[in-house]
Amino acid sequence: MPAVSCFLKEGEMLREALCTGYLVICAAQDLKKQTIDIRVSVFAGGAALVLDGAALAGGQLDILTSLAGLVPGILLLALALFSGGAAGVGDGICFLVLGTLLGTWMTWAVLMSALILAAAVGALLMAFRKAGRRTHMPFLAFAAASWALILAARLSGIDW
């Protein structure tokens, strides 16, 4: 049993590393080009599916819980569709991949903390008259910053 526990911990660390690299790449692309490269998302999503397949084969994954991790990405894609471009499709795609990598609760934590961080920065920018109603803010940069804060808390021993 200790070998299985060690394998699960290594799988979690691999997911966290993959998530970190993926979010850094997406945030940089969102900042620079206001779009993300779909090939990066396909690679990260494929890697997440391989990890999920291994966890499912080992009996360590519940399919319904895993599918629930896709809900934030689906909601962001719906927002992009119905907002007339106010929200980006890339944000939804990114959160679909994150949902597969991180699972339901951690994906919601990243999304909610990114929304709070973006709102705070937006309010500060508006207060100093540096931004207006139509100012574009790269949401994936806030998602990456939120993930960095969550990961720093987890690595320091604060676990949710």
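Everything discussed here concerns the structure shown above.
Thresholds applied
Residues numbered from 1 in each chain as written. Predicted model: local features only at pLDDT ≥ 70, side-chain atom pairs only at ≥ 80, totals over all residues. Heavy atoms only, no water. 1 Å grid on protein atoms, 1.4 Å probe; cavity = no way out; pocket = protein on both sides within 12 Å on 5 of 7 lines; lining within 4 Å. Points joined across faces, edges and corners; volume = space filled by probe spheres on them. Helix = DSSP H or I, 4+ residues; strand = E, 2+ residues; numbered from the N terminus. Nonpolar A, V, L, I, M, F, W, Y, C, P; charged D, E, K, R; others polar. Core = buried A, V, L, I, M, F, W, Y, C linked by side-chain atoms within 4.5 Å. Buried < 20%, exposed > 50% of the residue type's maximum accessible area, 1.4 Å probe, protein only. Contact = heavy atoms within 4.5 Å. Expected span 1.5 Å × (residues − 1). Axes fitted to C-alpha atoms, helices over the stretch in contact; angles between N-to-C directions. Parallel < 35°, antiparallel > 145°, perpendicular 65-115°, else oblique.

Engineer: Explain the layout of surface pockets here, please?
Structural biologist: Roughly 640 Å³ of internal volume is contained in the second largest pocket. Taken together, 25 residues line the second largest pocket, and the ones lying closest to its centre are A86, A87, G88, H136 and M137. Contributing elements (two or more residues each) for the lining of the second largest pocket: α4 (71–82), α5 (89–102), α6 (104–127) and α7 (139–155). Considering only residue class, the lining of the second largest pocket consists of 13 nonpolar, eight polar and four charged.

Engineer: Whenever I open this one, the nonpolar core confuses me. Can you help?
Structural biologist: Grouped burial of nonpolar side chains is what soluble globular proteins tend to show. Ranked by internal contacts, the top residues of the largest apolar core, which has 31 residues, are Y22, L23, F95, L98, L102, V110 and W147. Taken together, the elements giving at least two residues each to this core come down to α1 (2–33), α2 (38–57), α5, α6 and α7. Per-element tally for this core: the top contributor is α7, with eight residues. Excluding its chain neighbours within four sequence positions, the residues that come into contact with W147 are E16, C19, T20, L23, L102, M106 and V110.

Engineer: What's the story with α7 in this structure? I'm lost.
Structural biologist: Helical periodicity: at 3.6 residues per turn, an α-helix aligns residues three or four positions apart in one direction. Relative to the 24 Å expected for 17 residues at 1.5 Å per residue, α7 spans 24 Å between its end C-alpha atoms, a close match to the ideal helical length. Within α7, burial applies to F139, L140, F142, A143, A144, S146, W147, I150, L151, A153 and R154. Looking one or two places after α7, you find G157, whose phi comes out positive at around 105°.

Engineer: It is not clear to me how the packing of α5 against α7 should be interpreted in this structure. Could you clarify?
Structural biologist: Angle between the axes and distance between the axes are the two parameters that describe a pair of packed helices. Packing of α5 against α7 brings their axes to within 10 Å, and their N-to-C directions diverge by 25°. Comparing their axes, α7 and α5 come out roughly parallel. Mapping the contact onto sequence places G90, D91, C94, F95 and L102 in α5 and F139, L140, A143 and W147 in α7. Class assignment of the residues belonging to the contact of α5 with α7 gives a composition of seven nonpolar, one polar and one charged.

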